[in-house]
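Listed below are the residues making up each chain.
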Amino acid sequence: MTTPTPVLPQVLEAITRRRAVHDFTPNDPVPDDVLKAVMEATRLAPTAYNIQNYRFVLVRDQKRKEALRALSFNQPPVSESSVVVVVCAADDAWRQNPERYFKGMPAARAESYIQDMMPAYFAQPNMPHDEGIRSGALGAMALMLAAQAYGLQSLPMTGIDFAAVGQFVKLPPNHQVVMLVALGHQMAAPGPRLALLPYDEVVLEEAFPGAG
């Protein structure tokens, strides 16, 4: 079987070239316009019902990055990267003027979405929290690919004191911290990519093998 020609090869290039970079060039800021462009692309990441429940706190001040590093088990990328994005989620976003999420949609269809969404969230108390994690993860991946497109490198990080980081960014009620993503310029080319699991172990047809 021949490999098909991609319609947007740049997308595959960004996915392939993205690596978890641990060695950033210190004191090498990302220009404001580049960071704004990265974040504009990031907020196109999908969310359930278009509620856009992710929130992104940009930490660029060096002293604050050093303080944040202390809340992240002293991991050097937190203070050495150009900017640390604290990926958060607003667990009550579904309650906040839901009509705005469907602006531009025919009124009857928008109302049907709202009538479907509200009972679903009310009936499943864990759903807002779980959706926040999913949305935050989708946003983080979009962030890392957008950064790659602008020549930046990234590192997703979950080795943090989540409660302390929440206090650090003055997290409002009904919000949660999902992860950190460090952005910046890599100090040196990354080493060889680590081994990938066999394709058939990761990608399965229809269902997992087994009885039943």
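Above this text you will find the structure in question.
A short tour of the structure in this document, coming up. Worth saying up front: this structure is predicted, and the values here are computed from it rather than measured.

1. With respect to the pattern of salt bridges
- Across all of its chains, the model carries 5 salt bridges by this definition.
- In this structure, the salt-bridge partner of Glu 40 is Lys 36, at a minimum N-O distance of 3.9 Å. Of the two residues, Glu 40 and Lys 36 are both situated in helix 2 (residues 32-42); the distance of 4 residues between them amounts to about one turn of the helix.
- Residue Lys 36 is classed as exposed on the basis of its relative accessible area, which comes to 51%.
- The structure contains a network of salt bridges with shared partners spanning Lys 36, Glu 40 and Arg 43.

2. Observations regarding the environment of Gln 153
- The residue Gln 153 is located in strand 3 (residues 153-157) in this model.
- The spacing of Gln 153 and Glu 205 is 52 residues in sequence and 34 Å in space, taken between C-alpha atoms.
- Setting aside residues up to four positions removed in sequence, Gln 153 forms contacts with Val 21, Phe 24, Gln 148, Ala 182, Leu 183, Gly 184, His 185 and Gln 186.
- Within the structure, Gln 153 has its side chain in polar contact with the backbone nitrogen of Gln 186 (distance 3.3 Å).

3. Here we look at the environment of Asn 97
- Among the structural elements, Asn 97 can be located in the loop between strand 2 (83-90) and helix 5 (107-123).
- When the C-alpha positions of Asn 97 and Ile 51 are compared, they lie 9.9 Å apart, and in sequence the two are 46 residues distant.

4. Regarding the nonpolar core
- Counting 19 residues, the largest nonpolar core has Val 38, Val 87, Leu 143, Val 181 and Leu 183 as its most contacted members.
- Of all the elements in the fold, those that place two or more residues in this core are helix 2, strand 2, helix 6 (127-149) and strand 4 (175-184).
- Counting residues per element, this core draws most heavily on helix 6, which supplies 5 residues.
- Apart from residues no more than four positions distant in its own chain, Val 87 is found in contact with Arg 55, Phe 56, Gly 136, Ala 140, Gln 176, Val 177, Val 178, Met 179 and Val 181.
- Counting residues in hydrophobic clusters, the runner-up holds 17 residues, among them Phe 24, Leu 68, Val 165 and Val 177.

Procedures and definitions
- Residues numbered from 1 in each chain as written.
- Predicted model: local features only at pLDDT ≥ 70, side-chain atom pairs only at ≥ 80, totals over all residues.
- Heavy atoms only, no water.
- Salt bridge = Lys/Arg side-chain N within 4 Å of Asp/Glu carboxyl O.
- Helix = DSSP H or I, 4+ residues; strand = E, 2+ residues; numbered from the N terminus.
- Buried < 20%, exposed > 50% of the residue type's maximum accessible area, 1.4 Å probe, protein only.
- Contact = heavy atoms within 4.5 Å.
- Polar contact = N/O pair within 3.5 Å; in protein donor to acceptor, adjacent residues only side chain to side chain.
- Core = buried A, V, L, I, M, F, W, Y, C linked by side-chain atoms within 4.5 Å.

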